[in-house]
Amino acid sequence: TVSERLQEASPGGPDDWFYKGKAGDLEGPFSTEQMSKWFQERRFPPDLLVRPPNARDLVELGTVSERLQVVQSQFTRAAPKLATAKAKPAAQAPGQAQWLYLDKKGQLQGPFPADKLLAWFREGRLRADLQLRRADQSDFVVLGNGAVLQAAA
């Protein structure tokens, strides 16, 4: 069960949020900024079970939503600028999209094929809140559960 997995799992880092997905699986980790953004976009119902940073137990989102609202107001006042560095064009296999991502320092990394990034994600080398974009596009998306890369691989 989810509660058994929670007891076995470490509490995560100081900024790691988890939530119970529709299939009953524990999803995450996600940053406070990402959870706050999703909360503000009303993607979650107030009775969604979440595990806040450094906690072991699931609680209803409505009981901790004040933490996300405070973070969102701080985050929107001082939103970081996304790096605008240009990545080097890479040789691209026919039909395989190339992707760029922002590392922890805000530096643009890549390009990489979708299947390589997806493998790194499955190995736990990339976080679900990673900002990435196709090399031929300018808008960043959040990696989430990897579906954006699965569709492209």
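Given the structure is predicted, the values throughout are model-derived calculations rather than measurements.

1. Some details on the overall build of the chain
Across its full length, the chain holds five helices and eight strands. For the chain, the α and β elements follow one another from N to C terminus as α-β-β-α-β-β-α-β-β-α-β-β-α. A buried classification covers 38% of the 153 residues belonging to the chain. For the chain, the share of sequence-separated contacts (at least 6 apart) that also reach a separation of at least 24 residues comes to 44%. Approximately 9500 Å² of the chain is accessible, and the part contributed by carbon and sulfur atoms is 49%.

2. Re the sheet that holds strand S5 (residues 98-102)
Strands sit in the order S6-S5-S7-S8 across an open sheet of four strands; the sheet is antiparallel. The strands lining the two open edges of the sheet, one partner per strand, are strand S6 (108-113) and strand S8 (141-142). In this structure, S5 lies alongside strand S7 (residues 131-134), joined through three bridges in antiparallel fashion. Among the inter-strand pairings, Trp 99 is bridged to a residue of S7, identified as Arg 134.

3. Structural notes on the nonpolar core
One finds Tyr 19, Met 35, Val 50, Leu 117 and Leu 149 to be the most contacted residues of the largest nonpolar core, which totals 27 residues. Of all the secondary structure elements, the ones that give two or more residues to this core are strand S1 (17-20), helix H2 (32-40), helix H3 (61-77), S5 and helix H4 (114-122). Leu 149 has contacts with Trp 99, Ala 114, Leu 117, Leu 118, Leu 132 and Leu 143, leaving out every residue within four places of it along the chain.

4. As for the environment of Gly 146
Summarising the element assignment, Gly 146 is placed in the loop between S8 and helix H5 (147-152). Relative accessible area serves as the criterion here: at 0%, Gly 146 is assigned to the buried category. Residues Gly 146 and Phe 121, 25 residues apart in the sequence, show an inter-C-alpha distance of 7.2 Å. Beyond its immediate stretch of four places on either side in the chain, Gly 146 contacts Leu 118 and Phe 121.

5. Some details on the packing of aromatic side chains
For any pair of aromatic rings, the description rests on two quantities: the centre-to-centre distance and the angle between the ring planes. By the definition in use, this model includes six aromatic pairs. Consider the rings of Phe 30 and Trp 38, whose centres lie 4.9 Å apart with planes at 70°: the pair is edge-to-face. We note that Phe 30, like Trp 38, is buried. Ring-pair connections join several aromatic residues into one group, and the members of that group are Tyr 19, Phe 30, Trp 38 and Phe 44. In this structure, Arg 51 is placed above the aromatic ring of Phe 18, and the distance from its NZ or CZ to the ring centre is 4.2 Å.

6. Looking at unusual backbone geometry
The peptide bond linking Gly 28 to Pro 29 adopts the cis configuration, its omega dihedral lying at 10°. Inspection of the secondary structure puts Pro 29 in strand S2 (residues 26-30). Between Gly 110 and Pro 111 the backbone carries a cis peptide bond, its omega angle lying at 15°. Mapped onto the secondary structure, Pro 111 falls in strand S6.

7. Some remarks on the confidence of the model for the chain
For the chain, per-residue confidence averages 74 on the pLDDT scale, and residues scoring 70 or more make up 70% of the total. Of all helices and strands in the chain, the one with the weakest mean pLDDT is helix H1 (residues 2-8) (48), whereas S6 scores best (90).

8. Some remarks on the pattern of salt bridges
Think of it this way: side chains of opposite charge can pair up when their charged atoms draw near. A full pass over the atoms with the stated rule returns four salt bridges. Ionic pairing is found between Arg 127 and Asp 16, a salt bridge with its closest N-O pair at 3.2 Å. Residue Arg 127 is located in the loop between H4 and S7, and its partner Asp 16 is located in the loop between H1 and S1; the two are separated by 111 residues in the primary sequence. Across the pair Asp 129 and Arg 127 runs a salt bridge whose closest N-O atoms are separated by 3.2 Å. Residue Asp 129 is classed as buried on the basis of its relative accessible area of 17%. One network of salt bridges, in which partners are shared, links Asp 16, Arg 127 and Asp 129.

What counts, and at which threshold
Residues numbered from 1 in each chain as written. Predicted model: local features only at pLDDT ≥ 70, side-chain atom pairs only at ≥ 80, totals over all residues. Heavy atoms only, no water. Helix = DSSP H or I, 4+ residues; strand = E, 2+ residues; numbered from the N terminus. Buried < 20%, exposed > 50% of the residue type's maximum accessible area, 1.4 Å probe, protein only. Contact = heavy atoms within 4.5 Å. Areas by Shrake-Rupley, 256 points an atom, 1.4 Å probe, with all protein chains shown as cover. Pairing = 2+ DSSP bridges. Core = buried A, V, L, I, M, F, W, Y, C linked by side-chain atoms within 4.5 Å. Phe/Tyr/Trp six-rings, centres within 6.5 Å; stacked < 30°, edge-to-face > 60°. Lys NZ or Arg CZ within 6 Å of the ring centre and 35° of its normal. pLDDT = per-residue confidence, 0-100. Salt bridge = Lys/Arg side-chain N within 4 Å of Asp/Glu carboxyl O.

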